[in-house]
Amino acid sequence: MHNPGPGGWAALLITGNDELELSGGARHTTNNRMEMIAAIKGLEACQNSSKVLLFTDSKYLRDGITVYIQSWRKNGWRTVKKSPVKNIELWQRLDELVNQQEVQWRWVKGHSGNPENERVDTLARDQARKFQEFLGQCNER
């Protein structure tokens, strides 16, 4: 898919033997926004959990929430170069959710054969494809 363009997000929640797939998309978005929305939707669904282990293949997401967010918050949601943080509303929502529970962040290399990562990647691509097909049908009219 094009970036920016139609995009999809997905999350897989696992507790014991139970699993829940969440997914959605947008007609015009970026990969980074979709990664963030997947984490937000997953954490929102887990709000009654005290501990969450969150896997992502996005270093943007992992590093943003574990390294950079403290300085963004301290600097009024501005980067070191004093420009506004991109996707600020998503970072603020994610920050809020992370502060409500204990979240451990784990990075997994994308497209490396991790079964759960491949599963959510397929779900997200399916969502993006739906939006791309819909937009294609709109353009035919």
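Before reading further, recall that the structure is shown in the block above.
Now for a quick tour of the structure. (Residues numbered from 1 in each chain as written. Predicted model: local features only at pLDDT ≥ 70, side-chain atom pairs only at ≥ 80, totals over all residues. Heavy atoms only, no water.)

**Brief notes about the overall build of the protein**
Counting its regular elements, the protein contains four helices and four strands. When the helices and strands of the protein are listed from N to C terminus, the series reads β-β-α-β-α-α-β-α. Taken against the 2.2 N^0.38 rule, which gives 14 Å for 141 residues, the C-alpha radius of gyration of the protein at 16 Å falls within 12% of a compact globule. Within the protein, counting contacts between residues at least 6 apart in sequence, those at least 24 apart form 64% of the total. (Helix = DSSP H or I, 4+ residues; strand = E, 2+ residues; numbered from the N terminus. Rg over C-alpha atoms; globule rule 2.2 N^0.38 Å. Contact = heavy atoms within 4.5 Å.)

**Focus on the environment of Arg33**
Secondary-structure assignment places Arg33 in helix α1 (residues 31-45). Sequence-distant contacts of Arg33, defined by excluding residues within four places in its chain, comprise Asn87, Glu89 and Leu90.

**Thoughts on the packing of aromatic side chains**
Here the structure, examined in full by the defined rule, presents three aromatic pairs. Between Tyr68 and Trp72 the ring centres are 6.1 Å apart and the planes differ by 25 degrees, which places this aromatic pair in the stacked class. With Tyr68 and Trp72 both in helix α2 (residues 59-74) and four residues apart, the pair spans about one turn of that helix. Counting every residue linked through ring pairs, the aromatic cluster contains Tyr60, Tyr68, Trp72 and Trp91. In this structure, Lys59 is placed above the aromatic ring of Trp107, and the distance from its NZ or CZ to the ring centre is 4.5 Å. (Phe/Tyr/Trp six-rings, centres within 6.5 Å; stacked < 30°, edge-to-face > 60°. Lys NZ or Arg CZ within 6 Å of the ring centre and 35° of its normal.)

**A word on the side chain of Gln127**
Structurally, Gln127 can be placed in helix α4 (residues 115-140). Look past the residues within four positions of Gln127 in its chain and what remains in contact with it is Gly7, Gly8, Trp9, Ser23, Gly24 and Gly25.

**Observations concerning the nonpolar core**
Nonpolar side chains tend to gather and get buried jointly when the protein is soluble and globular. Formed by 27 residues in total, the largest nonpolar core has its most connected members in Leu43, Trp91, Leu94 and Trp105. For this core, the secondary structure elements donating two or more residues are β1 (5-15), α1, β3 (51-56), α2, α3 (88-98) and β4 (102-107). Ranked by the residues each element gives to this core, the list is headed by α1, at seven residues. Of all hydrophobic cores here, the second largest spans five residues; its members include Ala10, Leu12, Leu123 and Ala124. (Core = buried A, V, L, I, M, F, W, Y, C linked by side-chain atoms within 4.5 Å. Buried < 20%, exposed > 50% of the residue type's maximum accessible area, 1.4 Å probe, protein only.)

**Focus: unusual backbone geometry**
Unusually for a residue other than glycine, Trp77 sits at a positive phi of about 60 degrees. Summarising the element assignment, Trp77 is placed in the loop between α2 and α3. Among the residues examined, Trp77 registers a relative accessible area of 13% and is labelled buried. The phi dihedral of Asn87 is positive, around 60 degrees, even though this residue is not glycine.

These results come straight from atomic positions and should not be treated as a statement about function.
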